[in-house]
Amino acid sequence: MATHEPNENQFPDLVELDALRLTVIVDNEVDFMTSVPNDLGLTTQAQSLFKDRRHVDMDRSTIPSGHLHTHPQGHATEGEGDDVSKCGMTTIDFNFADICCGAHGLSILLTGIKDGKEHKVLFDTGPHSAIFLENAKRLEIEFEKIEVIVLSHWHIDHSGGMLAAVERCQHDREQQQQQSASPVVLDLHPDRPDERGICLTRPSPPGSTASKPIEYVAWGKEPSFSALESAGGKVSKNAKAHTICDSFFGVSGTIPRKTTYETGLPNHVRWSESTKTWSAEQEIMDERYLVARVRSKGLVVLTGCSHAGVINVCQDVKRAFGAGNKTDDHIFFVVGGFHLAGGSMETRIQEINPTYMAPGHCSGWRAKSALENAMTGQVVSLGVGSDFFITHQED
């Protein structure tokens, strides 16, 4: 494994949020059945639809006149404080076609809140525009309010919906008559590959003289910087740690590879359009994580795939915020793709000991099961359509 000594990730000006909302737009799974600790403030999409008074079936409801009114955001709701004896029977028409669909990818909308001020950041955009836009529509995402799109790394299952996301942000700004508003910022690592993929051909055993054809699978061309700018985005290339949105969020630079057992993605390759060749690229060095701090809770860490290793990610966060630094924060919640490798990974992550973790996307059910067995009650389902609301609570 190659040795890399990147600049240390530091976030000295990262502010402490009053609350943080995570809305999962794309994930591999749909799960609105598994219980989640109250600390994470989870509302599943199904729970929201069950309470959506815009879909009251008036033929099967006995709501007295005046007890159904319109919520400021357009939802029809029962009068506040009304009980069943006053409002009678209410029947909601629930349509399973309104539920988001799973896909191999990741996209999470973050809303940071401090002193009544909000900032919205989109972390990754899923594998393609169709699933991203359809799920975003079902979740009623307010694209005009998204300020920054952060790409964790250049892999199509994270970047595939980015052009569509930029176009939609620009369109909705114009629809809301925000022509003077700044374009959505695209926070991207500068080392953009033309395309990435995997090599299917296993190396010949030692001493073998037999040759065999080499087979590759190309995953799809990455959106170009120029295409993203033409769509209305403002490209911001960042290879080092920095903060965004009034320091509500931190975006890492290169993740230090410290462990000996997290060695990247075997058989991973990179295509060069100029030389028309594939080259081995086991370590995906452009991968970055996102971090936020929530008052009285701790650090919330988002990782796209953890090709650098989820242990390396968490160790770097602990180093950046650990003893001897300005703050000494505990990792409260780790969210995203874990790409776990090795049978003892659950033991190793116990050493990090986050309060909660939500392994999604590329983590796989065996790893999730092993983590739950080792850390019962600390592992939660991510699941497309989930809405986590992590907030400061007074003692």
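As recorded in an unreviewed UniProt entry, the protein chain goes by the name Metallo-beta-lactamase domain-containing protein, listed as coming from Linnemannia hyalina.

> Just to check I follow, could you spell out the overall build of the protein chain for this structure?
Scanning the protein chain from terminus to terminus reveals nine helices and 21 strands. Here the protein chain holds 395 residues, and the buried ones make up 50% of them. Here the contacts in the protein chain between residues at least 6 apart in sequence split such that 74% fall between residues at least 24 apart.

> Looking at this model, I keep getting lost on the confidence of the model for the protein chain. Mind explaining?
Do not read the fine detail of predicted coordinates wherever pLDDT is low. On average, residues of the protein chain carry a pLDDT of 87, and 86% of them reach 70 or more. Confidence drops under pLDDT 50 across residues 1-5; counting only partners more than four residues distant or on other chains, this segment forms nine contacts. Note that pLDDT drops below 50 for residues 69-85; the model gives that stretch 28 contacts with residues more than four away or on any other chain.

> Just checking my understanding: could you explain the pairing of strand 2 (residues 19-26) for this structure?
Regular strands have side chains that alternate between both faces of the sheet. Judged by how many residues are buried, strand 2 sits mostly within the fold: seven of eight residues are covered. In the sheet, strand 2 pairs with strand 6 (residues 107-114) via seven bridges, with the strands oriented antiparallel. Note on strand 6: the bridge partner recorded for leucine 22 is leucine 110. Bridge analysis of strand 2 against strand 21 (residues 387-391) gives five bridges, and the strand direction is antiparallel. Bridge assignment links arginine 21 to a residue of strand 21, and that residue is phenylalanine 389.

> When you look at helix 3 (residues 129-138) in this model, what are you seeing that I'm missing?
Owing to its 3.6 residues per turn, the α-helix brings residues three or four apart onto one side. Every buried residue of helix 3 is accounted for by Ile131, Phe132, Asn135 and Ala136. Relative to the axis of helix 3, the buried residues are bounded by an arc of 125 degrees and lie together on one face. Exposed side of helix 3, more than 90 degrees from the buried face: Ala130 and Lys137 are the residues found there. Backbone geometry just downstream of helix 3 places glutamate 140 in the positive-phi region, at approximately 55 degrees.

> Before we go on, may I ask you to explain the state of the cysteines in this structure?
Cysteine pairs can be covalently joined through their sulfur atoms, and such a bond is termed a disulfide. Inspection of every chain in the model, using the stated rule, returns zero disulfides. Here cysteine 362 is not disulfide-linked; the sulfur of cysteine 305 is the nearest cysteine sulfur, at 3.6 Å. Given a relative accessible area of 16%, cysteine 362 falls into the buried group.

> I tried to follow the side chain of aspartate 172 on my own but got confused; where do I start?
Topologically, aspartate 172 is positioned in helix 5 (residues 162-175). Exposure remark for aspartate 172: the relative accessible area of 9% places this residue in the buried category. Residues in contact with aspartate 172, not counting those within four places in the same chain, are Phe143 and Glu144.

> Looking at this structure, how should I read the packing of aromatic side chains?
Here a ring pair, both rings aromatic, is described through the centre-centre distance and the interplanar angle of the planes. Scanning the model with the defined rule gives eleven aromatic pairs in all. Ring geometry for phenylalanine 94 and phenylalanine 96: centres 4.7 Å apart, planes at 80 degrees, overall edge-to-face. Look at phenylalanine 94 and you get partly exposed, because its relative accessible area is 26%. Ring plane angle 80 degrees and centroid distance 5.8 Å describe the contact between tryptophan 154 and phenylalanine 225, whose orientation is recorded as edge-to-face. Here tryptophan 154, found in the loop between strand 8 (146-150) and helix 4 (156-159), pairs with phenylalanine 225, found in helix 6 (residues 225-230); they are 71 residues apart in sequence, far enough to count as distant. For the pair tryptophan 154 and phenylalanine 225, a shared accessibility class is recorded, and that class is buried. Taken together, the aromatic side chains of Phe11, Tyr289 and Phe321 make up a single cluster linked through ring pairs. Of note, lysine 237 hangs over the ring of phenylalanine 225, and the distance from its end group to the ring centre comes to 4.2 Å.

> Looking at this structure, I do not really get the sheet that holds strand 16 (residues 277-280). What am I missing?
By way of backbone hydrogen bonds, the strands of a sheet pair with one another, either parallel or antiparallel. The antiparallel open sheet is built from four strands, whose spatial order is 11-10-15-16. Looking at strand neighbours, the two that pair on one side only are strand 11 (216-221) and strand 16, the edges of this open sheet. The mean inter-strand angle of the sheet, taken between neighbouring strand axes irrespective of direction, is 30 degrees. Where strand 15 (residues 268-272) lies against strand 16, four bridges are found, and the strand directions are antiparallel. Note on strand 16: the bridge partner recorded for serine 272 is threonine 277.

> Even after reading the chapter, I still don't get unusual backbone geometry, so can you show me in this structure?
Among all residues save glycine, negative phi is the norm, and among peptide bonds the norm is trans. For cysteine 245, which is not glycine, the phi dihedral falls at a positive 55 degrees. In this fold, cysteine 245 is placed in the loop between strand 13 (242-244) and strand 14 (249-251). For cysteine 245, a relative accessible area of 11% gives the class buried. Even without glycine at this site, lysine 276 takes up a positive phi of about 55 degrees. Secondary-structure assignment places lysine 276 in the loop between strand 15 and strand 16.

> Which parts of the structure should I look at to understand the environment of isoleucine 149?
Mapped onto the fold, isoleucine 149 is located in strand 8. Since its relative accessible area comes to 0%, isoleucine 149 is described here as buried. For the pair isoleucine 149 and leucine 122, spaced 27 residues apart in the sequence, the C-alpha separation amounts to 4.6 Å. The contact partners of isoleucine 149, leaving out residues within four places of it in the chain, are Leu122, Thr125, Met162, Ala165, Val166, Val184, Val185, Leu186 and Asp187.

Rules of the game
Residues numbered from 1 in each chain as written. Predicted model: local features only at pLDDT ≥ 70, side-chain atom pairs only at ≥ 80, totals over all residues. Heavy atoms only, no water. Helix = DSSP H or I, 4+ residues; strand = E, 2+ residues; numbered from the N terminus. Buried < 20%, exposed > 50% of the residue type's maximum accessible area, 1.4 Å probe, protein only. Contact = heavy atoms within 4.5 Å. pLDDT = per-residue confidence, 0-100. Pairing = 2+ DSSP bridges. Arc of directions from axis to C-beta. Disulfide = S-S within 2.5 Å. Phe/Tyr/Trp six-rings, centres within 6.5 Å; stacked < 30°, edge-to-face > 60°. Lys NZ or Arg CZ within 6 Å of the ring centre and 35° of its normal. Axes fitted to C-alpha atoms, helices over the stretch in contact; angles between N-to-C directions.

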